[in-house]
There are 2 protein chains.
Amino acid sequence: MNEKVLNLIGQGQYAQARKELIDMNVVDIAQLFEEMDRDVLLIIFRILPKEIAAGVFTYIPPELQEFLVESITDKEIISIWDKIFFDDAIDFLEEMPSNIVKRVLKNTDHETRKLINQFLNYPEDSAGSIMTIEFVDLKKEMTVAKAIQHVRETGVDKETIDNCYVIDNNRVLEGVISIRKLILSDSELPVKDIMQTDIKYVNTLDDHEKMITLFKKYDLLTMPVVDNEHRLVGIVTIDDIVDIIDQENTEDFQKMAAIQPSEKEYLKTNVFTLAKHRILWLLVLMISATFTGNIIRRFNDVLSSVVILASFIPMLMDTGGNSGSQSATLIIRGLALGEIKPKDFLKVLWKEFRVSILVGVVLATVNFLRIYFLEKVDLMISITVCLTLFFTVVLAKLVGGLLPIAAKKVNVDPAIMASPLITTIVDAVALLIYFEFTTIFLGL
Amino acid sequence: MNEKVLNLIGQGQYAQARKELIDMNVVDIAQLFEEMDRDVLLIIFRILPKEIAAGVFTYIPPELQEFLVESITDKEIISIWDKIFFDDAIDFLEEMPSNIVKRVLKNTDHETRKLINQFLNYPEDSAGSIMTIEFVDLKKEMTVAKAIQHVRETGVDKETIDNCYVIDNNRVLEGVISIRKLILSDSELPVKDIMQTDIKYVNTLDDHEKMITLFKKYDLLTMPVVDNEHRLVGIVTIDDIVDIIDQENTEDFQKMAAIQPSEKEYLKTNVFTLAKHRILWLLVLMISATFTGNIIRRFNDVLSSVVILASFIPMLMDTGGNSGSQSATLIIRGLALGEIKPKDFLKVLWKEFRVSILVGVVLATVNFLRIYFLEKVDLMISITVCLTLFFTVVLAKLVGGLLPIAAKKVNVDPAIMASPLITTIVDAVALLIYFEFTTIFLGL
């Protein structure tokens, strides 16, 4: 398909190419755009039906959007602008340099300009920033027949018409009704008799997390957004929620690997930015690791008197770090999905304690068999190493399980209490236990 | 709201409670059910309108579902069963013990039973396992008016009617048309003139990842599922996609923390299962860490002759591990989101190389200033430590960046090449570099 179209374009057969293109999905056309020369792209963009051109426009990268807006006439801008969904228009403006924004705004009427400015001012993490104004609103006095008529007349441009929203004369949200229910109901009934009044909604300033939670809990496709006076100002649609779920997860993955979060794709981020996002945490953790180094220095005498002791340090540190990271990851993820709440503190403590005993016993036993029987390490040293291993695992799992919850309690992002930080803490703990036990069991 | 209802129920005012309940969202009612005594719950379940009862039923935990099915009559089972969406019914049957499954199947007709058995046999990770049979199908010869009529008559039970699917007499999928387009179009036009033929679809056996990718790429709300003969057998809806996105992410988080993945919530998993999922990888990594121990043992002479050298080992190991984990996490996430492809191998290599030089220089410089000027460590030792640090960071980032892509190329899940494994590898590498440099610079 794609090659056929590109060939037609290559041969200058634009009319034929247009025919092929209008049967294609706008996302696929947008992808083709990225492979075309810019002058050809401009021709194709201009010969496409306006509705398709507008759809394609919302899916091409910002560089190409900028190029197109710079190349087309004001009249063309207006005709495309009319066909773009409002939330896509806002996304576009957020990415553009100010001269492009000015040019576009110049070509919109006063009301739209006011609305755009209002939307551009919502905080990045708010419901307002991702809502759209394309929705169907009804009045509760309308009959079902009239409501369906209204949907037909105005529903055309709406992103989804699965749900209609009922508002009063001050635009205060009063109810919600699915199109399914409208079609099923007796056409003479007033909307207020069949609308649902237990509405799940958010405020313009509510954050993404709250929206995600509601969408998931109630399996919603759309959700109304209201202002402080409970007036309906927009709706959020599930496709945008899917995008922000990905964003939030990416952020968690990054934080858990001690990287400052960024929304930008890896391959599209320059080397300096990538380095900048990594250095801070590495420095913090590097300096923290010197505490561990200091512990070793303090026990240098012990290490040089029984030289084999040093060789177990990496195994103890790694196993401790890994054990703690496992617990931390499960708790951080549980907190993010709302499956674990801060009030479950004691439950988590008790669970991790029992798990750590099981895990610790297995690891210490396997390790004892290996070093005492296979590597013929001295009995007392074997015991010291394996007891250290056991207590390190138990402590690591308790620290790993509890730090994320503690962070959540004091409103710090639990994702920070992940592998790198846990490892640094557990390293020091493991060594302190180790040297304590060498004193006790080996009399050093 | 919830307390009011619970109070009414507590006082035995069931009729009043029913009135409150029917205005509530079924998800909220399901949550109330979890707080009720079982005998009260049974009363409430029975007095609710069947449609609401069916909705509530799909949202309560399996234990309660089992209890209800055991407690109600066959006639009641049939009336509830009729109102449950097919995919929810399948989810329910998958969780139930065989006696419950038998009892439910006994109360369904032959055709449904056949269909249920077919659905229960789809592999867990397939499109077939999450699709539903509630969708609207049209014929391409229908006029728009007839199609709308058909939607009205049959659309009632459908999970979403935003999209209708056009099939031929053998149920082969021919097109898709949005309800929006139907309502807008001239009512005498045949459906085939306005339907879209560039359809995004999956096969019953396609995996979750493919579905997620298509849903995200094309901002879909529903997607048709076809069999090998391209016959339409079901549709997948976005709410189920949101659930599996969460599942796949949870799996990645778990694998990246060296835990065998499990879908079950942490607080609902017993201690033995939790321990079992963690032990295997800990054992593997513990034994791998002995290589690092062996390196230390080989260089025991060096360590005992210049005792301060040992104290830098934790810092070198930790910083190396953290540097590698950062790169691995970004690449694993990029691969999961489809932003990085295996063919980007060289791009990633070049990018990580430059980032690692920047990061390495900064870390080594800060460290040099700290240990040489602040801690007054000998100059040659300071140089040795900082050069080791630099090369460790560079190597760690290359290993961390490339292992996940290499894994993807040979069809191993990249998520396994995360922090724990990278750390173990980098530990050994860091020590080898360290001891090599002590030989060169300190002549040991």
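Residues numbered from 1 in each chain as written. Chains lettered and ligands numbered in written order. Predicted model: local features only at pLDDT ≥ 70, side-chain atom pairs only at ≥ 80, totals over all residues. Heavy atoms only, no water.

A complete count under the given rule lists 39 salt bridges over all chains for this structure. With its nearest N and O atoms 3.1 Å apart, the salt bridge here joins E174 of chain B to K140 of chain B. Placement of the pair is E174 of chain B in strand β3 (residues 173-178) and K140 of chain B in the loop between β1 (137-138) and α11 (144-154), with a sequence separation of 34 residues. Among the salt bridges present, the one from K347 of chain B reaches D344 of chain B, with a minimum N-O distance of 3.5 Å. For K347 of chain B, a relative accessible area of 52% gives the class exposed. Classification of D344 of chain B as buried rests on a relative accessible area of 4%. If you follow the salt bridges from partner to partner, you end up with D28 of chain A together with D198, K200 and K217 of chain B in one network. (Salt bridge = Lys/Arg side-chain N within 4 Å of Asp/Glu carboxyl O. Helix = DSSP H or I, 4+ residues; strand = E, 2+ residues; numbered from the N terminus. Buried < 20%, exposed > 50% of the residue type's maximum accessible area, 1.4 Å probe, protein only.)

A word on the interface of chain B and chain A. Counting from both sides, the interface comprises 111 residues of chain B and, opposite them, 111 residues of chain A. Across the chain B to chain A interface the summed buried area is about 10400 Å²; carbon plus sulfur atoms make up 65%. Ranking the residues of chain B by area buried against chain A places R180, F253 and Y266 of chain B at the top, with a combined share of 8%. The interface formed by chain B and chain A includes 11 salt bridges. Among the salt bridges present, the one from R333 of chain B reaches D246 of chain A, with a minimum N-O distance of 3.9 Å. The interface formed by chain B and chain A includes 35 residue pairs in polar contact (both at pLDDT 80 or more). The element contributing the most residues to the side of chain B that touches chain A is helix α16 (residues 271-298) of chain B, with 17 residues. (Contact = heavy atoms within 4.5 Å. Buried area = accessible area lost by both parts, 1.4 Å probe. Polar contact = N/O pair within 3.5 Å; in protein donor to acceptor, adjacent residues only side chain to side chain.)

Another point: helix α2 (residues 14-21) of chain A. All names here are of chain A. The complete set of buried residues in α2 reads A17, E20 and L21. Down the axis of α2, the buried side of the element spans an arc of 95°, and every buried residue falls inside it. Opposite the buried face of α2, by more than 90 degrees, sit the exposed residues A15 and K19. In this structure, the buried residues of α2 make contact with α1 (2-10), α3 (26-35) and α4 (38-47). (Arc of directions from axis to C-beta.)

Moving on, we come to the domain arrangement of chain A. Split by domain assignment, chain A resolves into domain 1 (2-121), domain 2 (137-237) and domain 3 (266-442). Centre-to-centre, using C-alpha coordinates, domain 1 of chain A lies 30 Å away from domain 2 of chain A. (Domains from an automatic or database assignment.)

Turning our attention to the sheet that holds strand β6 (residues 232-237) of chain A. In a beta sheet, neighbouring strands are held together by backbone hydrogen bonds and run either parallel or antiparallel to one another. Residue and element names in this part refer to chain A. Read across the open sheet, the 3 strands follow the order β4-β5-β6; overall the sheet is mixed. Of all the strands in the sheet, the pair left with one neighbour each is β4 (202-203) and β6. The pairing of β4 with strand β5 (residues 222-226) spans 2 bridges and is classified as parallel. Its bridge partner being in β5, V202 is matched across the sheet by V225. On the sheet, helix α15 (residues 208-218) packs against β4, β5 and β6 and is oriented at approximately 140° with respect to β5. (Pairing = 2+ DSSP bridges. Axes fitted to C-alpha atoms, helices over the stretch in contact; angles between N-to-C directions.)

Looking now at the nonpolar core. One finds F33 and I241 of chain A together with F33 and I241 of chain B to be the most contacted residues of the largest nonpolar core, which totals 130 residues. The residues touching I241 of chain A, leaving out its near neighbours within four places in the chain, are I130, M211, I212, F215 and V236 of chain A. Residues L283 and Y434 of chain A together with L303 and L330 of chain B belong to the second largest nonpolar core, which totals 100 residues. (Core = buried A, V, L, I, M, F, W, Y, C linked by side-chain atoms within 4.5 Å.)

With that settled, consider the confidence of the model for chain A. A low pLDDT score tells you not to read the predicted coordinates there in detail. Residues and elements named next belong to chain A. The predicted model of chain A has a mean per-residue pLDDT of 89, with 98% of residues at 70 or higher. Mean pLDDT per element in chain A: helix α13 (residues 179-184) is the minimum at 78, and β4 is the maximum at 96. Scored by ipTM, the complex comes to 0.84, with pTM at 0.84. (pLDDT = per-residue confidence, 0-100.)

Residue and element names in this part refer to chain A. Together, W350, F353, I357 and V361 give the surface a local cluster of nonpolar side chains, amounting to about 360 Å² of exposed area. Its location among the elements puts F353 in helix α20 (residues 345-374). Under the relative-accessibility criterion, F353 is labelled partly exposed at 36%. (Patch = residues over 30% accessible without salt bridge, like charges linked within 9 Å, V, L, I, M, F, W, Y side chains within 5 Å. Areas by Shrake-Rupley, 256 points an atom, 1.4 Å probe, with all protein chains shown as cover.)

Next up on the list: the environment of D168 of chain B. All names here are of chain B. Checked against the element boundaries, D168 lands in the loop between β2 (163-167) and β3. For the pair D168 and E141, spaced 27 residues apart in sequence, the C-alpha separation works out to 9.4 Å. Apart from the residues within four sequence positions on either side, D168 is in contact with K139 and E174.

A separate point is the relation of the copies chain B and chain A. Once chain B has been moved 0.0 Å along the axis and rotated by 180°, it coincides with chain A to within an RMSD of 0.1 Å. Taken together, the rotation angle and the small translation identify this as a two-fold axis. For chain B, the minimum C-alpha distance to the rotation axis belongs to S304 of chain B and amounts to 2.9 Å. By residue overlap, the copies meet face to face through one surface: 100% of the interface positions of chain B are interface positions in chain A. (Least-squares fit on C-alpha atoms with pLDDT ≥ 70 in both.)

Quick look at the packing of helix α19 (residues 313-336) of chain A against α16 of chain B now. Where α19 of chain A contacts α16 of chain B, the two axes come as close as 8 Å, and the packing angle between them is 155°. It follows from the interaxial angle that α19 of chain A and α16 of chain B lie roughly antiparallel. Crossing of α19 of chain A over α16 of chain B shows right-handed handedness. Two secondary-structure elements touch here, α19 of chain A through P314, M315, D318, T319, N322, S323, Q326, S327 and L330 of chain A and α16 of chain B through L274, R278, L282, L285, M286, A289, T292, G293 and I296 of chain B. In the contact of α19 of chain A with α16 of chain B, the residues fall into 9 nonpolar, 7 polar and 2 charged. (Parallel < 35°, antiparallel > 145°, perpendicular 65-115°, else oblique. Left-handed = near helix turned anticlockwise from the far one by under 90°. Nonpolar A, V, L, I, M, F, W, Y, C, P; charged D, E, K, R; others polar.)

Turning next to the pairing of β6 of chain A. On a regular strand, each side chain points to the face opposite its neighbour's, so the side chains alternate between the two faces of the sheet. Residue and element names in this part refer to chain A. Counted residue by residue, β6 has 5 buried out of 6 residues, so it is predominantly covered. Two elements, β5 and β6, share 5 bridges in a ladder whose sense is antiparallel. Residue pairing across strands places P224 opposite I235, the latter belonging to β6. What sits between β5 and β6 in their antiparallel hairpin is a turn of 5 residues, with H230 showing a positive phi close to 65°.

Okay, unusual backbone geometry next. Residue and element names in this part refer to chain A. Positive phi is not limited to glycine here, since N411 has a value of about 60°. Residue position: N411 is located in the loop between α21 (379-409) and α22 (419-442). Owing to a relative accessible area of 75%, N411 belongs among the exposed residues under this scheme.

Residues and elements named next belong to chain B. Spatially, the 3 strands line up as an open sheet ordered β4-β5-β6, and their pairing is mixed. The open sheet has two edge strands, β4 (202-203) and β6 (232-237), and neither has a second partner. Against the sheet, helix α14 (residues 208-217) touches β4, β5 (222-226) and β6, its axis set at about 140° to β5.

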